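Chain by chain, the residues:
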Amino acid sequence: MKFEDLLLEIGGFGRFQILILFILCLPRINLPMHFLLHNFLAATPSHHCAIPQQEVFVNLTMEEVLLISIPREPDGTFKSCEMFSQPQFHLLLNSSLQPENNSIIQHCQHGWVYDHSQFTSTISTEWDLVCEQRGLNQATATFFFIGVTIGAVLFGYLSDRFGRKAMLLLSLVCSVIFGMLSAASVSYSMLAITRTLTGVALSGVSLIVLPLGMEWVDIQHRTFSGILTSIFWSVGNMLLAMVAYLVREWHWLLVAVTGPCLLSIVCLWWVPESARWLIVNGRVKQAHRNLLRCARMNGRKDFAVSPEVRNSRSRHLRMATDKNSGESYSYISLFRTPVLRKISLCSGAVWFGVAFSYYGMSLNLTGFGLNMYLSQFVFGVIEIPAKMIVYVLVNRIGRRQSQAWALILTGLCIGANVIIPKSLTSLRSVVAIMGKGFSEAAFSTVFLYTSELYPTVLRQNGMGYTSFVARLGGALAPLVFLLDEVWRSLPEVTYCAVAVCCGSVAFLLPETLNVRLPESIEDVE
């Protein structure tokens, strides 16, 4: 007896499944508020070198003090990281003059002055993570994604070993603890460590929520449940824009985005352990209790009509566990057999490309000509129709084609903005929003697609491995911005090339449209 046959008996998509999906969507809202928090947490406002003994220039306006103290960029703006070693009073007579000797230009010697009109404080202004320290600012996002990478491996194994619900609860509790510790950071080192640990904890939430929901849903509603869950990521995207707009101080911003995890912890009480996982691991009685609970809520009271039927069903459940009992699975199992090996290598490449390009766009809010709060909100809004289109496409043309073309078109949109002149702000914004839509379509598809490729006995290991590779892409994405010192367009060219290449790899994966979820390695092979 396949698990899908049991779902038909108890109701594969009734009130029980709807309740579970909506409860699991609560932590899903919280994820982008942390994953994309770097845009606001580490925002760098306009700044210039602090000018010593400024009281000497009492007869000059602030603009004139800057004119004689700070060199200018070719576009006329004041440089952020350099100052004159001595005041250049002759510039008051002719501001277009250039200094004759570059030796009078030096790096900032007395710190920086920041524009606080948009942000009360960020980690950039708190610890002067600008100019020579700019790399540390970008590394904050990298530290977080390194934590997510470690968490993907850790929770992928633990949730297959100890259950989906227990590990989801653990990850939520740890997210609250480390998130609050991040808000209380008194040094950059403390923030880097606590954000890394927050990434480890939140990785469990990211990894477990979708499979736990899908393992309770029948084949016909599997796509719908995957898209519904991912829509709440977009809701979190939009909420982040609003929360960041209202809370301009980085300590309280961290508190604001961490607090909702407490609600998820409370609501998780009503979510049962995956019966699919319980059966595979031989815990038949608990699985039967959860199935009975599902049947009652869905109005299928005939599921437990008599002791004889219950005993017969229990024998079927035990038979379903026989071929898996005594076997131990690990990440190595993903590469032992030919078909699984091909799936793992190709899906790993696809996940890397999806995450690398997604975070490359999402962490560059100021690069497309819109206000950063508006960019964050619009990027969240555009994801919802993208997911609706994905829902239609994955059921019409299949998972493989949808995955490949969504990622390839993401890369082409990023590449197009390299060619479009910066003066065409509206066109660049439209192309960026389209690219963000394709990028989100690729992300929505890859979560659904991957959870269908791996068998139940290895599903969380498979999701853990692919999430590990994806988070490597997420960790590298913010560092690629530093390549603009080599060539201004090199970051965008890199994102474009990786997206197109990894999208092409998706054509090598098998199609899973209307195919039963595999239970064992033999089902895949």
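For the structure itself, look to the data block above.
Here the structure is a predicted model, which is why all the values come from computation and not from measurement.

### Structural notes on the overall build of the chain
Consideration 1: Looking only at helices and strands, one finds 21 helices and four strands in the chain.
Consideration 2: Overall, the chain is about 100 × 40 × 35 Å in size when its C-alpha atoms are taken along their principal axes.
Consideration 3: Taking all 525 residues of the chain together, 56% fall into the buried category.
Consideration 4: For the chain, restricting intrachain contacts to residue pairs at least 6 apart in sequence, the fraction spanning at least 24 positions comes to 81%.
Consideration 5: For the chain, the exposed surface amounts to about 21,800 Å²; the carbon and sulfur share of it is 64%.
Consideration 6: When the 39 basic and 34 acidic side-chain charges of the chain are each reduced to a single mean position, those positions are 14 Å apart.

### A closer look at the pattern of salt bridges
Side-chain pairs of opposite charge can arise whenever the charged atoms involved come near each other.
Consideration 1: With the rule as written, the count across this model stands at eight salt bridges.
Consideration 2: We note a salt bridge from glutamate 452 to arginine 399, for which the minimum N-O separation is 2.9 Å. Of this pair, glutamate 452 sits in helix α18 (residues 425-453) while arginine 399 is found in helix α17 (residues 399-419), placing the two residues 53 residues apart along the sequence.
Consideration 3: The exposure class of arginine 399 is buried, given its relative accessible area of 2%.
Consideration 4: When salt bridges with common partners are traced through the structure, they connect Arg134, Asp484 and Glu485 into a single cluster.

### Considerations on a nonpolar patch on the surface
Consideration 1: On the surface, Leu19, Val266, Trp269 and Trp270 cluster together into a nonpolar patch covering about 480 Å² of accessible area.
Consideration 2: Tracing the sequence through the fold places leucine 19 in helix α2 (residues 15-35).

### Quick notes on the state of the cysteines
Consideration 1: In total, this model carries two disulfides according to the counting rule given.
Consideration 2: At a sulfur-sulfur separation of 1.8 Å, the disulfide partner of cysteine 49 is cysteine 108. The sign of the S-S torsion, about -65°, decides the handedness of the disulfide formed by cysteine 49 and cysteine 108: left-handed. Highlighted residues: cysteine 49 in strand β1 (residues 47-49) and cysteine 108 in the loop between β3 (105-107) and β4 (112-114), separated in sequence by 59 residues.
Consideration 3: A relative accessible area of 0% places cysteine 49 in the buried class.
Consideration 4: The disulfide partner of cysteine 81 is cysteine 131, and the gap between their sulfur atoms is 1.9 Å. Note on the cysteine 81 and cysteine 131 pair: the S-S dihedral is about -95°, so by sign convention the disulfide is left-handed. Here cysteine 81 is found in the loop between α4 (62-69) and β2 (82-84), whereas its partner cysteine 131 is found in the loop between α5 (123-127) and α6 (134-162), with 50 residues between them in sequence.
Consideration 5: Take the cysteines of the chain that form disulfides and number them in order along the sequence; they join up as 1-3, 2-4.
Consideration 6: Take cysteine 346: it sits in no disulfide, and the sulfur closest to it among the cysteines is that of cysteine 502, at 11 Å.

What counts, and at which threshold
- Residues numbered from 1 in each chain as written.
- Predicted model: local features only at pLDDT ≥ 70, side-chain atom pairs only at ≥ 80, totals over all residues.
- Heavy atoms only, no water.
- Helix = DSSP H or I, 4+ residues; strand = E, 2+ residues; numbered from the N terminus.
- Buried < 20%, exposed > 50% of the residue type's maximum accessible area, 1.4 Å probe, protein only.
- Contact = heavy atoms within 4.5 Å.
- Areas by Shrake-Rupley, 256 points an atom, 1.4 Å probe, with all protein chains shown as cover.
- Lys, Arg positive; Asp, Glu negative; His and termini not counted.
- Charge placed at Lys NZ, Arg CZ, Asp CG, Glu CD.
- Salt bridge = Lys/Arg side-chain N within 4 Å of Asp/Glu carboxyl O.
- Patch = residues over 30% accessible without salt bridge, like charges linked within 9 Å, V, L, I, M, F, W, Y side chains within 5 Å.
- Disulfide = S-S within 2.5 Å.

Honestly, it's all geometry; don't read function into it.
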